[in-house]
Amino acid sequence: MIQTKGHWFSDESGRTVLLRGVNLGGSSKVPFTPDGATYRQEGFFDTKNISFVGRPFPLEEADEHFTRIKAWGFNFLRFLITWEAVEHESPGKYDEEYLDYLYKVVKKAGEYGLNLFIDPHQDVWSRFSGGDGAPGWVFDVLGMDITKIKETGAAIVHQTIGDPYPRMIWGTNNAKYAAATMYTLFFAGNDFAPNCQVDGVPVQEYLQQHYFNAVKQVVKKLKGLPNVVGYDTLNEPASGYIGLGDLTKKFGETQMGLTPSPWQSFQLASGYPLTIDFMRGLLNPRKTGEELVNPGKVSLFRDGFRCPWLQSGVWQIDASGNPVLSQPGYFSAVNGKPVDFNRDYFKPFVTRFTEMVRSVDKDAMIFIETVPNTHSPEYRSGELSNTAYAAHWYDDMVLVLKRFIPWLGYDTLTDTIAVGAKKVRKVFAGTHAIVKREAIEKMDGIPTLIGEIGIPFDLNGRKAYKTGNFRDQEKALARSLRALDDNLLSYTLWNYTSDNTNEHGDLWNDEDLSLFSRDQQTDPSDINSGGRAVRVFARPYPVKTAGKPTLIEFDPFSSKFVFEFKGNASIKAPTEIHFPAIHYGKGYTVSVSDGSYEVDAQKQLLTYHAGSADAHRVEIRRK
């Protein structure tokens, strides 16, 4: 049993537990039948006749994949589902076949000793706005015609523009009309679109209640499975237009490609052609051109519907038929009071989500996510219980450029460029220290689990797939994981995709971050074959500590591992350390500061019985 104890996870014996796992899986964002890989255009707009049964893999493959994941030393899974997978056909109609499949595959994970939490995943709101998550009918009930999203510039969607899909451009959809409007209505429709209703229900309540009820079906189905630890609130939420002070200005963490301002997006969605800036650049995006968008004067809205921001008086059409922005600061305040997304909208959402989950499973742990690369919300003492902070972090320069430069790094949270390997380590470790500290100081002392971290394996133009040399990928992943070890953090890597290919990656928006690929599998009898950078992520770590960890150091290239901890004499159970065969299968030496140890090579486990000293040290080297 995993529980929270201060800012640590612990087991029933009181030992400190480090959770080291993987996201399962990348292709769970898209339907299995028909194949919903985003490079495929056929059948994309058939939102009803789909099935996610088979995600993350067909049930008959479960033993193979769980055996591999377990052999790599992972003890935890962030298990992806989507709202669309549960409720894709129509509002209130749930896919019982998918729920039955989900139960079976989650139960199977438990047979391999893999605990997990369920992640209701979304990116940029929905597949139909360039990501994944919400079903297609959520647009339909608001009168939006998803077949018109491309012409109106409301999103840049892989399925509608085809290949080549611009590298990592999908994230810009958070600032485009389709996703930004839906997020704003979902989180804050009561304040910003009070007259917008669906079937007589205020839009915010309609959308949130359907989301909660869909996840509730999952909680009801999985309740009683002992390996299901809890539930994530919502993957990488976005604030939409909430808090923007000037709708005429561009916004968004990443500005690439055609980049309309919110005001321009409103006009485009309602059929007004505009010339839009084309932007390039990662750290300092600049205008490199412009393009006429929606020359055909296509409206995103079906007859009888109109833009909710027109309906709410944010803008209007004058007597000459021209659009006029009435309230450029509309989303910045309510009744004269400045709004704060975390305080005013996200925290109430988390409260409702928690109440919903625990109305079914009172012991479920809640994993809170926030808008990526932002600071945590603030909670008062007693507001959170059995809760963890599940922040995300990526080495953004590697992620976006798909290149590894060992002496150069960039951290988005602190907006810091680091030059020199030592400086990069300091900056990355410092950022994770901030995240951990915020959970302790601002979120009532809860533990932190980095819910997503990883690197793209298609670096340098996919060169490694031709040469078999993954050295750059190993180094890039090693420096990310070192920052987590420096802060003694739990994490779930992004990701394990069972049907990853070198050509199409994780089958979603040309991302390719999977730790496994059939295309690298040369010997199916070898559990490591098909793995990418295995010696980096299959690493020793203290699974259960009879005390509190104080230091973890591991060099995946020399295999030297050092672990130090402060002991707790009241804990009678021993300390358990994962002892990976890939590093120590051909011989090893172990030195301990005191006490004794034994190694079970078959279980890849070192059990350490501490002596009477207050502090303890375990060092492992390969021969």
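So, a few notes on the structure that sits alongside this text. Each chain carries its own residue numbering, running from 1 in the direction its sequence is written. In keeping with the model being predicted, local features are shown solely for residues with a pLDDT of at least 70 and side-chain atom pairs are shown and tallied solely at 80 or more, while totals for entire chains, interfaces and linings include all residues. With hydrogens and water excluded, all non-hydrogen atoms of the structure serve as input to the side-chain values.

### Some words on the overall build of the protein
What the protein contains, in helices and strands, is 16 helices and 30 strands. For 623 residues, the compact-globule estimate of 2.2 N^0.38 gives 25 Å, and the C-alpha radius of gyration of the protein, at 25 Å, lies within 12% of that figure. Referenced to the eigenvectors of the C-alpha coordinate spread, the extents of the protein come out at roughly 85 × 55 × 45 Å. Remark: exposure states derive from per-residue accessible area (1.4 Å probe, protein chains only) relative to the maximum for the residue type, with buried under 20%, exposed over 50%, and partly exposed in between. Of all 623 residues assigned to the protein, the portion counted as buried reaches 59%. Residue contacts follow a heavy-atom distance rule, with two residues in contact if any of their heavy atoms lie within 4.5 Å. Partitioning the contacts of the protein with sequence separation of at least 6, the portion at a separation of at least 24 is 67%. Here the open area of atoms and residues is found with the Shrake-Rupley method and a 1.4 Å probe, where only the protein chains shown may cover a residue. Of the roughly 23,600 Å² of accessible surface on the protein, 48% is carried by carbon and sulfur atoms. Each helix corresponds to a stretch of at least 4 residues labelled H or I by DSSP, and each strand to a stretch of at least 2 residues labelled E; elements are numbered beginning at the N terminus. Based on C-alpha atoms, the radius of gyration is set beside the globule rule, defined as 2.2 Å times the residue count to the power 0.38.

### Section: the sheet that holds strand E25 (residues 560-567)
Remark on secondary structure: sheet strands pair via backbone hydrogen bonds, oriented parallel or antiparallel. Strand pairing is assigned whenever DSSP detects at least two bridges linking the two strands. The strand order across the open sheet built from four strands is E24-E25-E30-E27, with neighbouring strands paired in antiparallel fashion. A single partner strand is all that each edge strand has here, and the edge strands are strand E24 (547-555) and strand E27 (588-592). Ignoring strand direction, the axes of neighbouring strands in this sheet form an average angle of 10°. Here E25 runs beside strand E30 (residues 615-622); their pairing, made up of six bridges, is antiparallel. Within E30, the position partnered with glutamate 564 by the bridge is arginine 617. In this analysis, axes come from line fits to C-alpha atoms, helices being fitted only over the stretch in contact, and the angle between any two N-to-C directions falls in the range 0 to 180 degrees.

### Quick look at the state of the cysteines
Only a pair of cysteine sulfur atoms within 2.5 Å counts as a disulfide in this structure description. Within the structure shown, the criterion is met by zero disulfides. Take cysteine 307: it sits in no disulfide, and the sulfur closest to it among the cysteines is that of cysteine 196, at 9.7 Å.

### Focus: the pairing of strand E12 (residues 286-293)
Here strand E11 (residues 274-280) runs beside E12; their pairing, made up of seven bridges, is antiparallel. When the sheet's bridge partners are listed, methionine 279 is paired in E12 with lysine 287. Two successive antiparallel strands, E11 and E12, enclose a turn made up of five residues, where glycine 281 displays a positive phi of approximately 115°.

### Focus on helix H1 (residues 62-71)
Within H1, burial applies to Ala62, His65, Phe66, Arg68 and Ile69. Taken end-on, H1 shows its buried residues confined to a sector of 160°, consistent with a single buried face. Summarising the contacts, the buried residues of H1 are in contact with strand E4 (20-24), strand E5 (76-82), helix H3 (96-111) and strand E22 (490-496). By arc we mean the arc of the directions from the helix axis to the C-beta atoms, nothing more.

### What about the sheet that holds strand E10 (residues 257-258)?
Strand order in the open sheet formed by three strands is E10-E11-E12, and the pairing between neighbours is antiparallel. The two strands at the open ends of the sheet, each matched to only one other strand, are E10 and E12. Pairing geometry for E10 and E11, over two bridges, is antiparallel. Directly across from leucine 258, in E11, lies its bridge partner phenylalanine 278. In the packing of helix H8 (residues 262-269) onto the sheet, the strands contacted are E11 and E12, and the crossing angle to E11 comes to about 130°.

### Digging into the packing of aromatic side chains
Aromatic rings from Phe, Tyr and Trp, taking only the six-membered ring of Trp, are treated as a pair when their centres fall within 6.5 Å; an angle between ring planes under 30 degrees marks them as stacked, one over 60 as edge-to-face, and anything in between as tilted. If you walk through the whole model with that rule in mind, you get 51 aromatic pairs. Taken together, a centroid distance of 6.0 Å and an interplanar angle of 40° make the contact between phenylalanine 66 and tyrosine 112 tilted. Residue phenylalanine 66 is found in helix H1, and its partner tyrosine 112 is found in the loop between H3 and strand E6 (115-121); the two are separated by 46 residues along the sequence. Looking at phenylalanine 66, the relative accessible area reads 0%, which means it is buried. When its relative accessible area of 23% is taken as the criterion, tyrosine 112 is described as partly exposed. Pairwise contacts between aromatic rings join Trp83, Trp125, Trp137, Tyr183, Phe186, Phe187, Tyr211, Phe212, Phe341, Phe346, Phe349 and Phe353 into one cluster. We note arginine 471 situated over the ring of phenylalanine 557; from NZ or CZ to the ring centre the distance is 4.5 Å. When the NZ atom of lysine or the CZ atom of arginine is within 6 Å of a ring's centre and also within 35 degrees of its normal, the charge is said to sit over that ring.

### Remarks on the packing of helix H6 (residues 177-192) against helix H7 (residues 203-222)
As a packed pair, H6 and H7 sit with axes 7 Å apart at the nearest point and diverge in direction by 110°. What the angle tells us is that H6 and H7 run roughly perpendicular. Contact with H6, carried on its side by Met182, Leu185, Phe186, Phe187, Ala188, Gly189 and Asn190, involves Val203, Gln204, Leu207, Gln208 and Tyr211 of H7 and no other residues of that element. Along the lines of polarity and charge, the residues of the contact of H6 with H7 split into eight nonpolar, four polar and no charged. An angle below 35 degrees is read as roughly parallel, one above 145 as roughly antiparallel, one from 65 to 115 as roughly perpendicular, and any other as oblique. Note on residue categories: nonpolar means Ala, Val, Leu, Ile, Met, Phe, Trp, Tyr, Cys or Pro, charged means Asp, Glu, Lys or Arg, and polar means any other residue, Gly included.

### Topic: the nonpolar core
In globular proteins that are soluble, nonpolar side chains generally tend to be buried together. For the purposes of this section, nonpolar cores are sets of buried Ala, Val, Leu, Ile, Met, Phe, Trp, Tyr and Cys residues that join through side-chain atoms within 4.5 Å. The biggest cluster of nonpolar side chains holds 161 residues, and the ones touching the most others in it are Tyr177 and Trp309. Per-element tally for this core: the top contributor is H6, with 11 residues.

### Let's talk about the environment of valine 435
With respect to the helices and strands, the residue valine 435 is situated in helix H12 (residues 421-441). Valine 435 sits 100 residues away from arginine 535 along the chain, and the two C-alpha atoms are 27 Å apart. For valine 435, the residues in contact, after removing those within four places along its chain, are Tyr389, Ala391, Leu413, Thr448 and Ile450.

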